[in-house]
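Read off the chains here:
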Amino acid sequence: MKSVCVRPPPNSNHEYSPPPPLPPPSASSPSSSESSRQNVLTPSYDMNGYSRKSPSKRRYEGSKYSGSPKKKPRTSKERVPQPKNTVAMLNELRHGLVYKLESQTGPVHAPLFTISVEVDGQKYLGQGRSKKIARIEAAATALRSFIQFKDGAVLTPLKPACNLDFTSDEHLDNGTGIEIDKLSTTELILYVTSIMKKAKHKAKLCTSNNSSTDSLLENIKLSMQNSNKSPLSVDGQKKVPDKGPVMLLYELFTDVHFDCSTVDGAQNNCRFKMTVTVNNSKFDGTGPSKKLAKNAAAKAALASLCNISYSPMMHPQKNLPLPMDDKSSSMELPQIHADTIGRLVLEKFMEVIKGQESYSRRKVLAGIVMTENMNFNEAQVISVSTGTKCVSGEHMSINGSVLNDSHAEIVSRRCFMKYLYAQLELHFNPATANQSIFVRNQENAQYPYKLKTGVHFHLYINTAPCGDARIFGPHENDSSVDKHPNRKARGQLRTKIESGEGTIPVKSSDGIQTWDGVLEGHRLLTMSCSDKIARWNIVGIQGSLLSSIIEPIYLHSIVLGSLLHPEHMYRAVCGRIEKSIQGLPPPYHLNKPRLAQLTSSEPRNQAKAPNFGINWTVGDTEVEVVNSLTGKTVNNQISRITKQMFFNKYGSLVKNLPGLPDRKLITDYGQTKAKVKDYQIAKRELFAAFRREDLGNWLKKPQEQDEFALPE
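Residues numbered from 1 in each chain as written. Predicted model: local features only at pLDDT ≥ 70, side-chain atom pairs only at ≥ 80, totals over all residues. Heavy atoms only, no water.

Draft legend 1. Looking closely at the overall build of the protein. Each helix and strand in the protein was counted, giving 18 helices and 23 strands. Expressed as a percentage of its 712 residues, the buried residues of the protein come to 46%. Put simply, 64% of the contacts in the protein that link residues at least 6 apart link residues at least 24 apart. Total accessible area computed for the protein in this model is approximately 38900 Å², and 50% of it derives from carbon and sulfur atoms. (Helix = DSSP H or I, 4+ residues; strand = E, 2+ residues; numbered from the N terminus. Buried < 20%, exposed > 50% of the residue type's maximum accessible area, 1.4 Å probe, protein only. Contact = heavy atoms within 4.5 Å. Areas by Shrake-Rupley, 256 points an atom, 1.4 Å probe, with all protein chains shown as cover.)

Written as structure tokens, this is what we have:
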């Protein structure tokens with residue numbers, strides 16, 4: 001590189017002197033933004049007097065180089081409202097729509113997507129270079145088909161958009177109008193939005209429906225709500241949505257707000273509560289994490305507003321239908337009803353446990369809810385109970401004064417029987433007879449009383465009942481078909497372990513337990529809750545004594561808080577004997593209850609199960625706390641739901657209830673039960689059905705437990 005020599009500054013000693021400072025920028029100089037992009041070279045001198053070129057240092061001077069004004073900070077956190085597209089507008093008018101990708105054509109670098117949306121049984125197509133654009137076009141096509149005009153309107157070519165007033169009715173008068181097919185997507189959005197806004201404004205000014213815009217809006221909404229077909233269905237059967245509940249909720253609604261609050265986790269093992277507000281309606285969800293609570297709230301909103309369910313009872317898209325002789329829709333309780341049942345039982349438990357908080361600890365919670373004509377707005381909680389253990393063999397009673405089985409669902413059913421006795425006692429006085437859920441049976445003299453028409457009972461359990469309904473892997477997609485044809489791997493009768501948790505299969509035996517054998521040290525075995533629920537679906541939940549007075553009562557539905565596997569639950573409660581049960585005397589039959597699971601599932605509770613349980617029946621002033629190991633209350637008193645108490649109530653009914661043909665009372669409890677012939681026939685046919693299916697023998701308690709009499 002060739003150096004350039006310059007004359008040194010006038011100095012006799014050739015000393016170095018710095019160059020003079022640069023003059024300030026003048027008005028004619030380029031702007032700071034332009035000068036900053038230029039690589040300006042200015043001369044500089046080294047120690048030998050030679051010059052060299054170096055880039056000038058950039059300095060910032062606010063007063064000289066300030067160009068654009070500073071941005072003002074946001075004073076509000078409100079989001080700027082975004083304009084709606086056709087998809088959002090269509091979702092406002094019709095909830096639960098599903099967009100389906102029909103085809104993808106064209107080269108990879110320039111694909112053409114075709115997406116369809118089905119409304120009122122009619123399919124509308126849209127195409128675009130992206131799926132989003134195709135979805136918008138499909139929604140626009142659907143919107144164009146819904147717009148209706150008042151009589152005599154004539155469609156004319158569209159005027160320029162800049163001169164078009166969408167808020168005016170002028171285009172509908174005097175034979176002029178808008179050609180909907182030629183509207184662009186943007187113009188269509190403006191047009192429909194203006195119609196909806198104007199309809200809302202006129203609705204405030206007048207109460208009449210004579211407005212053309214009012215009728216237009218109603219026609220649009222009615223045409224989109226006339227469809228009875230499920231938005232998520234395949235071949236007439238519902239399926240689980242492809243998308244998550246939160247994402248789907250945001251797609252279907254524009255006004256969605258989530259609010260999180262903490263709750264006490266000691267009662268239901270849920271630490272977070274999420275409330276979602278959609279269209280001024282609030283829905284709650286709980287869970288061990290905020291994410292699960294948010295999903296539960298979104299599921300509740302979708303079930304209520306759009307009839308979209310994420311229940312395990314829904315058919316997964318890749319799984320085969322459930323092994324049921326009826327359609328799955330007939331076996332599924334609507335999700336909104338299931339959530340109502342669970343919420344009522346949980347709220348009642350929190351209400352009745354006040355003052356007894358030391359006994360609020362539990363693993364299993366159960367309750368029975370009554371509805372009339374399926375009106376869940378006026379549903380009533382009949383019983384609430386907790387418990388997970390059975391009586392110890394050394395505390396067996398020969399006079400029926402202890403509770404053998406303190407599992408929550410079993411105790412709730414016994415509380416329900418107490419309620420039935422109280423309802424029949426209302427017929428003692430003609431003035432209170434109309435308040436009872438029972439009426440005189442004029443059709444069958446064998447059963448003097450029967451339930452009123454439209455009365456249904458629903459069982460809630462916060463987890464799957466012990467036994468066959470709970471023998472599966474919650475995170476495994478296993479099949480109910482056993483690969484070994486000579487082995488019955490599913491459906492086996494199982495027994496609970498004395499003073500413990502869990503069940504074991506029943507061994508093939510004569511099914512007899514002896515009193516002295518249990519006292520000697522043999523474990524007292526009790527049939528599992530799954531097996532007892534299967535028994536209720538044959539003989540009813542009213543018990544053997546009341547079966548001589550009323551027709552059998554069956555559960556309308558069973559709602560679980562967690563661990564609902566449709567195939568296993570259905571098999572456990574009725575499916576394993578549906579092909580082998582026979583010879584049931586009318587009106588006994590195989591009942592198939594509807595099944596459902598709450599949207600806010602309870603997490604797995606790893607705490608040790610307490611040795612006590614509580615029970616409450618409607619009409620009780622306080623809960624009763626029972627020691628599960630002794631079968632008596634914590635104060636060593638006889639429980640109000642024991643065999644002895646029910647036998648005393650039955651004796652009172654036989655003496656005082658009007659309309660009974662036979663008032664002869666056998667004082668022995670066991671003989672009184674054996675006298676109810678149809679009930680005993682149905683029970684024997686149930687046991688025979690289990691044996692025919694090679695599922696084991698029903699294990700009976702020592703017969704000495706039923707050999708007690710009424711007090712004189």
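After that view of the structure, there is still more to cover.
Draft legend 2. Structural detail: the packing of helix α12 (residues 408-425) against helix α16 (residues 643-656). Where α12 meets α16, the axes come as close as 11 Å, and the angle between the chain directions of the two elements is 20°. Our classification of the angle between α12 and α16 gives roughly parallel. Like other packed secondary-structure pairs, α12 and α16 cross with a definite hand, here left-handed. Taking contact as the criterion, the partners of Arg414, Met417, Lys418, Tyr421, Leu424 and Glu425 in α12 are, on α16, Lys643, Phe646, Lys649, Tyr650 and Leu653. (Axes fitted to C-alpha atoms, helices over the stretch in contact; angles between N-to-C directions. Parallel < 35°, antiparallel > 145°, perpendicular 65-115°, else oblique. Left-handed = near helix turned anticlockwise from the far one by under 90°.)

Draft legend 3. Highlighting the sheet that holds strand β18 (residues 526-527). With antiparallel pairing, 3 strands are arranged side by side in an open sheet as β17-β16-β18. Where the open sheet ends on each side, the last strands, each with one partner, are β17 (503-505) and β18. Bridge count for strand β16 (residues 494-496) against β18 is 2 bridges, and the pairing is antiparallel. Along β18, the bridge assignment pairs Lys496 with Thr526. (Pairing = 2+ DSSP bridges.)

Draft legend 4. Spatial organisation of the sheet that holds strand β23 (residues 632-633). Reading across from one edge, β20-β19-β15-β11-β12-β21-β22-β23 is the order of the 8 strands in this open sheet, with mixed pairing throughout. On the outer flanks of this sheet lie β20 (594-597) and β23, each paired with one strand and no other. Examined bridge by bridge, strand β22 (residues 624-627) and β23 share 2 bridges and lie antiparallel to one another. If you follow Asn627 over to β23, its bridge partner there is Lys632. Here helix α11 (residues 335-352) sits on the sheet in contact with β11 (365-372), β12 (380-386), β15 (455-461), β19 (557-560), β20 and β21 (612-617), set at roughly 120° to β11.

Draft legend 5. Fine view of α12. In a regular helix each residue adds 1.5 Å, so 18 residues correspond to 26 Å; α12 covers 26 Å between its end C-alpha atoms and thus fits that length. Burial of α12 is extensive: 16 of the 18 residues sit out of reach of the surface. (Expected span 1.5 Å × (residues − 1).)

Draft legend 6. Quick peek at the packing of aromatic side chains. Counted under the stated rule, the structure contains 9 aromatic pairs. When the centroid spacing of 5.3 Å and the interplanar angle of 75° are considered together, the rings of Phe647 and Tyr669 count as edge-to-face. Linking Phe647 in helix α16 with Tyr669 in helix α17 (residues 669-674), this pair joins segments that are 22 residues apart in sequence. The burial state of Phe647 is the same as that of Tyr669; both residues are buried. Plain terms: the ring middles of Phe647 and Phe708 are 6.1 Å apart, the flat faces sit at 85° to each other, and that makes the pair edge-to-face. Of this pair, Phe647 sits in helix α16 while Phe708 sits in the segment after α18 (677-692); the two residues are 61 residues apart in sequence, bridging distant segments of the chain. Comparing Phe647 with Phe708 shows no difference in burial state: the two are buried. Each residue in the set Phe647, Tyr669 and Phe708 is aromatic and connected to the rest through ring pairs, giving one cluster. (Phe/Tyr/Trp six-rings, centres within 6.5 Å; stacked < 30°, edge-to-face > 60°.)

Draft legend 7. Layout of the packing of helix α7 (residues 245-252) against helix α9 (residues 290-305). Interhelical geometry of α7 versus α9 gives an angle of 45° and a closest axis separation of 8 Å. Put simply, α7 runs oblique to α9. Seen along the crossing, α7 lies across α9 with a hand that is left-handed. Counting all contacts with α7, which are made through Pro245, Val246, Leu248, Leu249 and Leu252, the residues of α9 involved are Lys294, Asn295, Ala298, Lys299, Ala301 and Leu302. Of the residues contributing to the contact of α7 with α9, the split by class is 8 nonpolar, 1 polar and 2 charged. (Nonpolar A, V, L, I, M, F, W, Y, C, P; charged D, E, K, R; others polar.)

Draft legend 8. The pattern of salt bridges, seen in detail. As enumerated under the stated definition, the model contains 17 salt bridges in all. When the shortest N-O distance is used, the salt bridge between Lys673 and Asp706 registers 3.6 Å. Of the two residues, Lys673 is situated in helix α17 and Asp706 in the segment after α18; the sequence distance between them amounts to 33 residues. An identical accessibility class is assigned to Lys673 and Asp706; each is buried. For Glu685, the salt bridge goes to Arg692, with nearest N and O atoms at 3.9 Å. Through salt bridges that share partners, Asp405, Lys496 and Lys532 make up one connected network. (Salt bridge = Lys/Arg side-chain N within 4 Å of Asp/Glu carboxyl O.)

Draft legend 9. A look at the nonpolar core. Grouped together as the largest cluster of nonpolar side chains are 81 residues, with contacts concentrated most on Phe416, Leu420, Leu424, Phe457, Ile549 and Ile550. Looking at this core, the elements that each hand over two or more residues are β11, α12, β15, α14 (529-539), β19, α15 (566-573), α16 and α18. If you tally residues by element for this core, the top one is α12, at 10 residues. Setting aside anything within four residues of it in sequence, one finds Ile549 in contact with Leu424, Tyr447, Pro448, Tyr449, Tyr650, Leu653, Leu657 and Leu660. With 23 residues, the next largest nonpolar core counts Leu333, Leu365, Val369 and Val384 among its residues. (Core = buried A, V, L, I, M, F, W, Y, C linked by side-chain atoms within 4.5 Å.)

Draft legend 10. Structural view of α14. In terms of residue burial, α14 counts as a mostly covered element, since 10 of its 11 residues are buried. Considered for burial, the residues of α14 that qualify are Cys529, Ser530, Asp531, Lys532, Ile533, Ala534, Trp536, Asn537, Ile538 and Val539. Phi for Gly540, located one or two positions after α14, is positive at around 95°.

Draft legend 11. Geometry of the pairing of strand β4 (residues 112-119). Counted residue by residue, β4 has 6 buried out of 8 residues, so it is predominantly covered. In this sheet, β4 lies alongside strand β3 (residues 99-105) in antiparallel orientation, the contact comprising 6 bridges. Each residue of the ladder has a partner; that of Lys100, found in β4, is Ser116. In this antiparallel pair of consecutive strands, β3 and β4, the connection spans 6 residues, and Gly106 shows a positive phi of 90°. Of the strand pairs in this sheet, β4 and strand β5 (residues 122-128) are connected by 7 bridges, and their pairing is antiparallel. By the bridge assignment, Ser116 is partnered in β5 with Leu125.

Draft legend 12. Up close: the environment of Thr114. By secondary structure assignment, the location of Thr114 is in strand β4. With a relative accessible area of 8%, Thr114 lands in the buried category. Placed 13 residues apart in sequence, Thr114 and Leu101 show a C-alpha to C-alpha distance of 6.1 Å. Setting aside anything within four residues of it in sequence, one finds Thr114 in contact with Lys100, Leu101, Glu102, Ser103, Leu125, Gly126 and Gln127.

Draft legend 13. How the structure looks around the side chain of Ser397. In this structure, Ser397 sits in the loop between β12 and α12. Relative accessible area serves as the criterion here: at 8%, Ser397 is assigned to the buried category. A distance of 2.4 Å separates polar atoms of two side chains, one belonging to Ser397 and the other to Asn399. Residues in contact with Ser397, not counting those within four places in the same chain, are Val402, Trp515 and Gln705. (Polar contact = N/O pair within 3.5 Å; in protein donor to acceptor, adjacent residues only side chain to side chain.)

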